[in-house]
Amino acid sequence: IRGSQLVVGAPGHQYDNDNLTVIGPNFGAVFVYEKVSNVWNFVDKIVDWTLDRREGDLTGTKSAGDGTVLFITSPGQNTSDKHRAELENAGAVYVFNWNGSQWVYFQKLTPLIRYEGDEFGYDIDVKGKIAVISSIKHTRNVNETTPITD
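Heads up: these notes are all about the structure in this document. (Residues numbered from 1 in each chain as written. Predicted model: local features only at pLDDT ≥ 70, side-chain atom pairs only at ≥ 80, totals over all residues. Heavy atoms only, no water.)

This brings us to the overall build of the chain. Helix and strand counts for the chain stand at 0 helices and 9 strands. By the burial criterion, 33% of the 150 residues in the chain qualify as buried. Contacts spanning at least 24 positions in sequence make up 47% of the contacts within the chain whose residues lie at least 6 apart. Carbon and sulfur atoms make up 52% of the accessible area of the chain, which amounts to about 8,600 Å² in all. (Helix = DSSP H or I, 4+ residues; strand = E, 2+ residues; numbered from the N terminus. Buried < 20%, exposed > 50% of the residue type's maximum accessible area, 1.4 Å probe, protein only. Contact = heavy atoms within 4.5 Å. Areas by Shrake-Rupley, 256 points an atom, 1.4 Å probe, with all protein chains shown as cover.)

As enumerated under the stated definition, the model contains 1 salt bridge in all. Between D123 and K62 there is a salt bridge, with its nearest N and O atoms 3.9 Å apart. Highlighted residues: D123 in strand β8 (residues 120–127) and K62 in the loop between β3 (39–47) and β4 (63–65), separated in sequence by 61 residues. D123 sits in the partly exposed class, given a relative accessible area of 34%. (Salt bridge = Lys/Arg side-chain N within 4 Å of Asp/Glu carboxyl O.)

Looking at the element boundaries, V69 is found in strand β5 (residues 69–74). Judged by its relative accessible area of 22%, V69 is partly exposed. Remark: the alpha-carbon pair of V69 and N99, spanning 30 residues in sequence, is separated by 9.7 Å.

Now for the sheet that holds strand β1 (residues 5–10). The sheet built from 3 strands is open, its strands ordered β1-β2-β3 with antiparallel pairing. Two strands bound the open sheet, and with one partner strand each, they are β1 and β3. Adjacent strand axes in the sheet meet at a mean angle of 25°, parallel and antiparallel pairs treated alike. In this structure, β1 lies alongside strand β2 (residues 29–36), joined through 6 bridges in antiparallel fashion. Its bridge partner being in β2, L6 is matched across the sheet by Y33. (Pairing = 2+ DSSP bridges. Axes fitted to C-alpha atoms, helices over the stretch in contact; angles between N-to-C directions.)

This part covers the pairing of strand β6 (residues 92–98). Counting buried residues in β6 gives 5 out of 7 residues, a clear majority hidden from the surface. The pairing of β5 with β6 spans 6 bridges and is antiparallel. Paired with F71 across the two strands is V95, which belongs to β6. Sheet topology note: the β6/strand β7 (residues 103–109) ladder contains 6 bridges and is antiparallel. Among the inter-strand pairings, F96 is bridged to a residue of β7, identified as Y105. In textbook terms, the turn of a hairpin is the stretch between consecutive antiparallel strands, and for β6 and β7 this stretch comprises 4 residues, one of which, G100, has a positive phi near 105°.

Pairing within the open sheet is antiparallel, and its 4 strands lie in the order β4-β5-β6-β7. The sheet terminates laterally at β4 and β7, the two strands that pair on one side only. The mean angle between the axes of side-by-side strands here comes to 25°, regardless of whether they run parallel or antiparallel. Here 3 bridges tie β4 to β5, and the two strands are oriented antiparallel to one another. Bridging from a neighbouring strand, A64 pairs with F71 of β5.

What follows is the structure, given as structure tokens:
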């Protein structure tokens, strides 16, 4: 909850925007509500808005924002931002801007170097102009050269 806005993630959601068409398990969605006169009113439903959505994306696992910018994680997402490679569960984060009446897709974030199974976007926190995004299963050191093992 940020001010009068509530963002609810549903990573297991399987319906398209019409709430009738099944697009498959675990595509995910985010529901946005606004509190007016002590009543929470539905504002928007955000499903994976890009052409690269896949079963198992888990969109909406986490979200963060400030009321004008919204970050939505998708740790199961497979496609890179440039559609260069399919890396299963590499993950992504989607950024939206509020235009006064709806959330508008702005940008897809992926790490510069990513690996299959990283789950980038497992968690997120935003403070001011900085977003800290976890990649819970990333197993390389800071130089991306040596695998980290137990």
